[in-house]
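Understanding the architecture of this molecule
Take a look at the letters that make up each chain.
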Amino acid sequence: MAEENQDEITELLLAWSRGNRDAFENLADAVYARLSRLASSYLRQERSDHTLNTGALVHEAFLRLIQQDRVQWRDRAHFFAISAKLMRRILVDHARRSDSSKRGGGIPTLVLDEVFDQGPLPHPDILALDDALQDLETRDSELANLVVLRYFGGLTHDEVAEVLDISLSSVARRWRTARAWLHSYLVDGGAHVL
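In this numbering scheme, every chain counts its residues from 1 along its sequence in written order. Note on the predicted model: pLDDT of at least 70 is required for a residue's local features to be given, and 80 or more for side-chain atom pairs to be given and counted; whole-chain, interface and lining totals, by contrast, use all residues. As a rule here, side-chain values come from all non-hydrogen atoms in the structure, and water together with hydrogens is ignored.

1. Focus: helix α2 (residues 21–44)
A turn of α-helix holds 3.6 residues, and therefore any two residues three or four places apart point the same way. Strands are runs of DSSP state E lasting at least two residues, helices are runs of H or I lasting at least four, and both sets are numbered from the N terminus onward. Expected span, for any helix, means 1.5 Å times one less than how many residues it has. Taking 1.5 Å of rise per residue, 24 residues should cover 34 Å, and α2 covers 33 Å from first to last C-alpha, within 8% of that figure. Note on bend: at a given residue it equals the angle between the axes fitted to the 7 residues ending there and to the 7 starting there. Most pronounced at Val31, the bend in α2 amounts to some 50°. Classification of residues uses two cut-offs on accessible area relative to the type maximum, computed with a 1.4 Å probe and protein chains only: under 20% is buried, over 50% is exposed, and between them is partly exposed. Along α2, the positions that sit buried rather than exposed are Ala23, Phe24, Leu27, Ala28, Val31, Arg34, Leu35, Ser36, Leu38, Ala39, Tyr42 and Leu43. Counted as a polar contact is a pair of N or O atoms within 3.5 Å, where, for protein atoms, one must be capable of donating a hydrogen and the other of accepting one, and residues adjacent in sequence contribute only when both atoms are in side chains. Residue Asn20 occupies the N-cap position of α2, its side-chain oxygen lying 2.9 Å from the main-chain nitrogen of Asp22.

2. A look at the packing of helix α6 (residues 141–152) against helix α7 (residues 157–164)
A pair of packed helices can be characterised by two numbers: the angle between their axes and the separation between those axes. The geometry of α6 relative to α7 is characterised by a closest axis approach of 10 Å and an angle of 135° between their N-to-C directions. Judged by the angle between their axes, α6 and α7 are oblique. Handedness of the α6/α7 crossing: right-handed. Counting all contacts with α6, which are made through Glu142, Asn145, Leu146, Leu149 and Arg150, the residues of α7 involved are His157, Val160, Val163 and Leu164. Throughout, an axis means a line fitted to C-alpha atoms (over the contacting stretch in the case of helices), and angles, computed between N-to-C directions, take values from 0 to 180 degrees. By the definition adopted for this analysis, an angle is roughly parallel if under 35 degrees, roughly antiparallel if over 145, roughly perpendicular if from 65 to 115, and oblique otherwise. If you view the pair so one helix is near and one far, a crossing is left-handed when the near helix is turned anticlockwise from the far one by less than a right angle, and right-handed when it is turned clockwise. Should any heavy atoms of two residues lie within 4.5 Å, those residues are counted as being in contact.

3. Considering unusual backbone geometry
The phi dihedral of Asp165 is positive, around 55°, even though this residue is not glycine. Along the polypeptide, Asp165 turns up in the loop between α7 and α8 (168–188).

4. Here's the deal with the pattern of salt bridges
Any Lys or Arg side-chain nitrogen found within 4 Å of a carboxyl oxygen on Asp or Glu counts as a salt bridge. Summed over the entire model, instances satisfying the criterion amount to ten salt bridges. Note that Arg64 is salt-bridged to Glu60, the shortest N-O span being 3.0 Å. Taken together, the residues Arg64 and Glu60, both in helix α3 (residues 54–66) and four residues apart, mark about one turn of the helix. What emerges from the salt-bridge pattern is a single network uniting Glu60, Arg64, Arg88, Arg89, Asp93 and Asp130.

Such coordinate-based values are descriptive only and should not be taken to indicate function.
In C-alpha cells form, the structure reads like this:
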C-alpha cells in the first residue's frame, strides 16, 4: 500500500472517530481489498465446505466495525489490528456454532506451519487455536495480542511495533517466544509456562 494511502486511511479513521459517517463509507472502499485478501487467506485454511465465504466474512467484519463507536482510531495499523481480532472472533463463533450442531464433525483446520516455523505442527482447528490464545492471554496478554496481529491481522513486524508501541527487536524476540509457546501448546496439548 502506498504511503499516501496509509495517510488517507488514517485521516478517514480520524474523521470517522469524530462522527463523520461519510468517512466510514470512504474508508470501507479504501480497505475492502486488503480485508478481502485477509479473509481469503483465513478461509483457504478452512475446510472446503465452509459456509462462510470471503465476502460474508468481510461484510460481517464491517458490520461489527460499525458498532465500534467507542474506539478512538489511531491509524491504519490500529484499524487492521481491530479488524483482525473481529475476523478471528467471527471464525471462532462460526466454528462453535458449527461444532455445537455437528458435535465435532467438520471443524475447520488451520495451517500454521508458515506462521509458526518451530517444526511440524498438527493442523489444529480454529477452536484449538482459540483455546491456546485464551490460555496465552492469561499468561501474557501482549504475546497473545502479537499472535492475533501477526496471524489474523497479517501485520508486519513494523506494524505490530507501531500498534503495540514497542521496538522492532522486542517484536522479533516476543514473536519467537509466542511461536515457541504455541508450538509446545499445540503439539503437547496443555498449559505451558512461559
